[in-house]
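Here's the letter readout for the chains.
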Amino acid sequence: MKRATRTLFTAVAISAASPAFAGLMYVTGQQTTGTGLGNVSTVVTVQDNGPGDSARKPKANANVNDNGPDPRKHNGLESGCVAFNAGNPNKPLEDCGEGLEGGDNHAGSGGNNTWQLSAIDKLANAGQLGLVVNISEGGPGNTAVLNRLYLSLFNTSSNMTMYFSYGGIPLELGEGGGIGQSGMFRFVLDNDSAQDAMEFCQNLTQCILGAGIEFASGTTESTPETVYVGAFERRVAVPEPLSLALLGAGLIGMGAASRRRVRKNG
């Protein structure tokens, strides 16, 4: 499989086996009800409430429908991902990208799905994509610490994958009211990433969305956390004329701020 990656000009080095992430921005959304499993486009559902049997053998090729023993489950680090399964699109893989541990997917196919972009409600273009994280930690005042989050886009025509990730500081996110509440923790594409996504997925029927999420070890308990995908309006502040002039002067001679690279796996 090939991977298309967007490399930020601030990056120091790129590993040949590890594509750079583009950006997801954290914004505060609105709490809504009726967002339980089956009511929204749920991508990942994860649960890890504490240590388990570390002697259990790992699965060679994790799949959301494989109930075999897995030492990653219940080790205190809540982490899970979904990826497009070309062999059986209705049964997404649990394979994680970019070093996430994975292994804690919960609720089977009802809570873990890849999505064709054309099937996402009200999505007009890939630049509108956003993820909503719902924290379900047993009651008001309880929190979980989000370390990593990404969405992936697989183009079935080019057989390439592009990743977009939240790269900020760990976020301590509060209880969102439990399953059935949307949560207020929304992650949308930044300006450059939105443009990249639209160029990469010009035909929404040819792009499949996956995702991955990981919380800090020991910060989760109670019921599962969920991530769902939606279409969100992006409001971008317009700089004052003087700010624009200064920004333009600062960018002279720097060249393009980003570039794409295509590389083959293996």
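Check the entry above for the structure.
Residues numbered from 1 in each chain as written. Predicted model: local features only at pLDDT ≥ 70, side-chain atom pairs only at ≥ 80, totals over all residues. Heavy atoms only, no water.

**Here we look at the overall build of the chain**
Right, on to step 1. Secondary structure assignment for the chain yields three helices and 13 strands.
Right, on to step 2. Counting across all 266 residues of the chain, residues that qualify as buried make up 45%.
Right, on to step 3. Considering only contacts in the chain between residues 6 or more positions apart, those separated by 24 or more positions represent 81%.
Right, on to step 4. Accessible surface, the chain: about 12800 Å² in total, of which carbon and sulfur atoms supply 52%. (Helix = DSSP H or I, 4+ residues; strand = E, 2+ residues; numbered from the N terminus. Buried < 20%, exposed > 50% of the residue type's maximum accessible area, 1.4 Å probe, protein only. Contact = heavy atoms within 4.5 Å. Areas by Shrake-Rupley, 256 points an atom, 1.4 Å probe, with all protein chains shown as cover.)

**Some details on the environment of valine 132**
Right, on to step 1. Among the structural elements, valine 132 can be located in strand 6 (residues 129-134).
Right, on to step 2. Note: C-alpha distance between valine 132 and valine 227 (95 residues apart in sequence) is 5.5 Å.

**What to know about the state of the cysteines**
Right, on to step 1. One pass over the structure, following the stated rule, counts two disulfides.
Right, on to step 2. Disulfide pairing places cysteine 81 opposite cysteine 96 at an S-S distance of 2.0 Å. The chirality of the disulfide connecting cysteine 81 with cysteine 96 is right-handed, given an S-S dihedral of about 100°. With a gap of 15 residues between them, cysteine 81 in strand 4 (residues 79-82) and cysteine 96 in the loop between strand 4 and helix 1 (108-111) connect regions that are remote in the sequence.
Right, on to step 3. Of the residues examined, cysteine 81 reaches a relative accessible area of 0% and is grouped as buried.
Right, on to step 4. By relative accessible area, cysteine 96 is classed as partly exposed at 26%.
Right, on to step 5. Here cysteine 201 engages in a disulfide with cysteine 207; their sulfurs sit 2.0 Å apart. Taking the sign of the S-S torsion, -85° for the link of cysteine 201 and cysteine 207, the bridge is left-handed.
Right, on to step 6. Exposure remark for cysteine 201: the relative accessible area of 3% places this residue in the buried category.
Right, on to step 7. If you count the bonded cysteines of the chain from the N-terminus, they pair up as 1-2, 3-4. (Disulfide = S-S within 2.5 Å.)

**Points about the nonpolar core**
Right, on to step 1. Counting residues in hydrophobic clusters, the biggest one holds 39 residues, and the most contacted among them are Leu117, Leu129, Val133, Leu149 and Leu153.
Right, on to step 2. Not counting the four nearest positions on each side in its chain, leucine 117 is found in contact with Leu123, Ala126, Leu129, Leu153, Cys201, Leu204, Cys207 and Leu209. (Core = buried A, V, L, I, M, F, W, Y, C linked by side-chain atoms within 4.5 Å.)

**As for helix 2 (residues 191-200)**
Right, on to step 1. Listed as buried for helix 2 are Ser193, Ala194, Asp196, Ala197 and Phe200. Seen from one end, helix 2 has its buried residues packed into an arc of 165°, which puts them on one side.
Right, on to step 2. The N-capping residue of helix 2, defined by a side-chain oxygen 3.3 Å from the backbone nitrogen of aspartate 192, is aspartate 190. (Arc of directions from axis to C-beta. Polar contact = N/O pair within 3.5 Å; in protein donor to acceptor, adjacent residues only side chain to side chain.)

**Digging into the pairing of strand 7 (residues 143-155)**
Right, on to step 1. In terms of strand pairing, strand 7 meets strand 9 (residues 171-174) through four bridges, oriented antiparallel. Looking at the pairing, valine 145 lines up with glutamate 172 of strand 9.
Right, on to step 2. The pairing of strand 7 with strand 11 (residues 207-215) spans nine bridges and is classified as antiparallel. In the strand pairing of strand 11, phenylalanine 154 is matched with isoleucine 208. (Pairing = 2+ DSSP bridges.)

**Topic: the packing of aromatic side chains**
Right, on to step 1. This model, assessed by the stated rule, comprises five aromatic pairs.
Right, on to step 2. Seen in terms of ring centroids, phenylalanine 84 and phenylalanine 154 are 5.1 Å apart; in terms of plane orientation they differ by 25°. Their pairing is stacked. Of this pair, phenylalanine 84 sits in the loop between strand 4 and helix 1 while phenylalanine 154 sits in strand 7, and the two are 70 residues apart along the sequence.
Right, on to step 3. Seen from their ring centres, tyrosine 150 and tyrosine 163 are 5.4 Å apart, and the 70° between their planes marks the pair as edge-to-face. Note that tyrosine 150 is positioned in strand 7 and tyrosine 163 in strand 8 (residues 160-166), a separation of 13 residues in sequence.
Right, on to step 4. Assessed through its relative accessible area of 2%, tyrosine 150 is described here as buried.
Right, on to step 5. When its relative accessible area of 10% is taken as the criterion, tyrosine 163 is described as buried.
Right, on to step 6. Among the aromatic residues, those joined into a cluster by ring pairs are Tyr26, Tyr166, Phe185 and Phe187. (Phe/Tyr/Trp six-rings, centres within 6.5 Å; stacked < 30°, edge-to-face > 60°.)

**So, the side chain of glutamate 175**
Right, on to step 1. Mapped onto the fold, glutamate 175 is located in the loop between strand 9 and strand 10 (185-189).
Right, on to step 2. Despite being buried, glutamate 175 has no salt bridge partner; arginine 186 is the closest side chain of opposite charge, sitting 17 Å away.
Right, on to step 3. Apart from residues lying up to four places away in sequence, glutamate 175 is in contact with Ile135, Ser136, Glu137, Gly138, Gly139, Pro140 and Asn142. (Lys, Arg positive; Asp, Glu negative; His and termini not counted. Salt bridge = Lys/Arg side-chain N within 4 Å of Asp/Glu carboxyl O.)

**Examining unusual backbone geometry**
Right, on to step 1. Notably, lysine 122 is not glycine yet its phi reads approximately 65°, a positive angle.
Right, on to step 2. Relative to the helices and strands, lysine 122 is located in the loop between strand 5 (115-116) and strand 6.
Right, on to step 3. For lysine 122, a relative accessible area of 72% gives the class exposed.

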